[in-house]
Each structure stands twice: as structure tokens, then as C-alpha cells.
Amino acid sequence: MSQKSQVNDVKNYLGAYSAQVQQQAQDLLESEKSGPWLLKKYPDVHGLNGTRALYEYAMDLKNEFMRSSPPISKVIYDDKIHIINNALGLHTFVSRMQGNKLKAKNEIRISSLFRRIPEPLLKMILVHELAHLKEKGHNKAFYKLCCYMEPDYHQLEFDLRLYLSHRDRFGDLWS
């Protein structure tokens, strides 16, 4: 793999972090220690492979932290979400006319890539998408809500982005 391609591994997913953090991630990847570090920290994958289990897990989180937020009609793994667009998951708001009434539904779609990752990383993605029920933009209130639901939110997001950089270079860890 070329030097420029290797730098892009980190820039693709960790571009919003400081140059120092990016360099540390790059060093971890170049020394091929990212895989063992992630596996030590997160040895097991979650068991939420089906749509029903994923939906119930998301609803448990919503009911614990966001009981008064709008209902969610669907939580699914989606094969069409590509990480290239920097989307780990999507929160969509679907409006439909039923008779003379406008019905709105919230849906959460998680990239199918995340069927085989550790539960804390999946939880971080779901927390992120659930926070969009109350806060549409990525502002201070949004991240405060994410940290309320998952105190380690920022570390988990970093670890997931490091995994994605590792995956681009070396392949899946949890298969």
C-alpha cells in the first residue's frame, strides 16, 4: 500500500481529530498494533444480528434516556449505507399522507458492516442516531445528549473510527 494511501486511512475516518491524534493513530496502524489493541479492548462481538433484536436494543436505549422523544417505527441494518460517505448509520424522517392526515415516522438504519462489531461500538452508533430525534444537527446540545446516554461516547467513536481505518488496511477484526 502506498504511503499516500496509508495516510488516507487515517484522514478518511479521523480527519476531524488533531494532527497529534491522527499521527498516533497512524503510528498504531503502521506498527500493526491497531488490531491487537482493539481486540484486547473489545474481544467479543454483539449478538444483535437480527432486525428484531436490534430494534429492541434501540428501544431499550430510547426508553431509558429519551422516553418523551418521538417514536421510532423501524431500526434495521441496511446494506445500502456505505461508510465512504462518512455515515455509520442514518436517522430518517418519513412523512406519508394517510387520508387527510400527514403521518410521520422516524427510522434508524445502521450499516450492515456493523453486524459483527463489539456491543459498545454498536451502542455508540445507536446513541448517535437516537440523539438525532431531539437534535438534528451536530451541535453542542447533540453531543451533550450523546454523552448523557453513553458517557464514553467520544472514546467509543474514536475507537470505531480507528477500527474503520484498520479495516481498510488489514480487513475485518471480528469476523
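Residues numbered from 1 in each chain as written. Predicted model: local features only at pLDDT ≥ 70, side-chain atom pairs only at ≥ 80, totals over all residues. Heavy atoms only, no water.

## Here's the deal with the nonpolar core
Selection criterion: Among buried residues, the Ala, Val, Leu, Ile, Met, Phe, Trp, Tyr and Cys ones that are joined through side-chain atoms within 4.5 Å form a nonpolar core. Note on classification: 1.4 Å probe, protein chains only; a residue is buried when its accessible area is under 20% of the maximum for its type, exposed when over 50%, partly exposed between these limits. Here a helix means four or more residues in a row that DSSP labels H or I, a strand means two or more in a row labelled E, and each is numbered from the N terminus. Contact between two residues is taken to exist if any of their heavy atoms lie within 4.5 Å; hydrogens are not considered.
Counting 45 residues, the largest nonpolar core has Ile110, Ile117 and Leu126 as the members making the most contacts within it. For this core, the secondary-structure elements that each account for two or more residues are α1 (3-14), α2 (19-30), α4 (51-65), β1 (72-78), β3 (101-111), α5 (119-131), α6 (140-149) and α7 (153-170). When residues in this core are grouped by element, the largest group, eight residues, is from α5. Aside from chain neighbours lying at most four places away, what touches Leu126 is Leu54, Tyr57, Ala58, Leu61, Val75, Ile108 and Ile110.

## Brief notes about the packing of helix α3 (residues 34-41) against α7
The following threshold applies: A fitted line through C-alpha atoms represents every axis, and for helices the fit uses only the stretch in contact; the resulting angles, taken between N-to-C directions, go from 0 to 180 degrees. Here is the rule for angles: anything less than 35 degrees is roughly parallel, anything more than 145 is roughly antiparallel, 65 through 115 is roughly perpendicular, and the remaining ranges are oblique. Working rule for handedness: look at the near helix, and if it is turned counterclockwise from the far one by less than a right angle, call the crossing left-handed; if clockwise, right-handed.
Two numbers describe how α3 lies on α7: the axes approach to 10 Å, and their chain directions differ by 135°. Between α3 and α7, the interaxial angle falls into the category oblique. Considering the relative orientation of α3 and α7, their crossing is left-handed. Between α3 and α7, the contacting residues are Ser34, Gly35, Trp37, Leu38 and Lys41 on the first element and Gln155, Asp159, Leu162, Tyr163, His166 and Phe170 on the second.

## Points about the packing of aromatic side chains
Note the cut-off: Note on aromatic contacts: the rings of Phe and Tyr and the six-membered ring of Trp form a pair at centre separations within 6.5 Å, being stacked when their planes are under 30 degrees apart, edge-to-face when over 60 apart, and tilted otherwise.
The full count for this structure, using the stated rule, is five aromatic pairs. Plain terms: the ring middles of Tyr163 and Trp174 are 4.9 Å apart, the flat faces sit at 50° to each other, and that makes the pair tilted. Of this pair, Tyr163 sits in helix α7 while Trp174 sits in the segment after α7; the two residues are eleven residues apart in sequence, bridging distant segments of the chain. Residue Tyr163 shares its accessibility class with Trp174, and that shared class is buried. Ring pairing ties together the aromatic residues Phe142, Tyr143 and Tyr153, which thus form one cluster.

## Concerning the side chain of Ser112
Take Ser112: it is sitting in the loop between β3 and α5. Discounting chain neighbours no more than four positions away, the residues touching Ser112 are Tyr77, Asp78 and Asp79.

## Observations concerning the confidence of the model for the chain
What counts, and what does not: A score from 0 to 100, pLDDT tells how confident the predictor is in each residue.
Here the chain averages 87 in pLDDT, and 85% of its residues register 70 or above. Low pLDDT, under 50, characterises residues 1-5; the stretch is placed with five contacts to residues that sit more than four places away or in other chains.

## Brief notes about α7
Short version of the rule: Multiply 1.5 Å by the residue count of a helix minus one, and that product is the helix's expected span.
Taking 1.5 Å per residue, 18 residues should reach 26 Å; α7 reaches 25 Å between its end C-alpha atoms and fits that length. Across the 18 residues that make up α7, a large majority, 13, are buried.

## Regarding the side chain of Glu150
Relative to the helices and strands, Glu150 resides in the loop between α6 and α7. When its relative accessible area of 9% is taken as the criterion, Glu150 is described as buried. Residues in contact with Glu150, not counting those within four places in the same chain, are Lys123, Val127 and Leu156.

## Quick notes on the packing of α2 against α7
Spelled out, the test is: For this classification, Asp, Glu, Lys and Arg are treated as charged, while Ala, Val, Leu, Ile, Met, Phe, Trp, Tyr, Cys and Pro are nonpolar and the rest, including Gly, are polar.
The N-to-C vectors of α2 and α7 enclose an angle of 40°; their axes lie 11 Å apart at closest approach. Taken together, the axis directions place α2 and α7 in an arrangement best described as oblique. Once α2 is placed against α7, the crossing between them reads as right-handed. Along its contact with α2, which presents Val21, Ala25, Gln26, Leu28, Leu29 and Glu30, the element α7 presents Phe158, Leu162, Ser165, His166, Arg169 and Phe170. Residue classes in the contact of α2 with α7 are distributed as seven nonpolar, three polar and two charged.

## Things to note about the pattern of salt bridges
Condition: Salt bridges, as used here, are contacts in which a Lys or Arg side-chain nitrogen is within 4 Å of a carboxyl oxygen on Asp or Glu.
Tallied over the entire structure, the rule returns seven salt bridges. Here Glu150 and Lys123 are joined by a salt bridge, their closest N and O atoms 3.1 Å apart. Remark: Lys123 occurs in helix α5 and Glu150 occurs in the loop between α6 and α7; sequence separation between them is 27 residues. A salt bridge links Asp172 to Arg167; its shortest N-O distance comes to 2.8 Å. Since its relative accessible area comes to 44%, Asp172 is described here as partly exposed. A residue is classified by how much of its surface remains accessible, and Arg167, at 30% relative accessible area, is partly exposed. Salt bridges sharing common partners tie together Asp78, Glu107 and Arg109.

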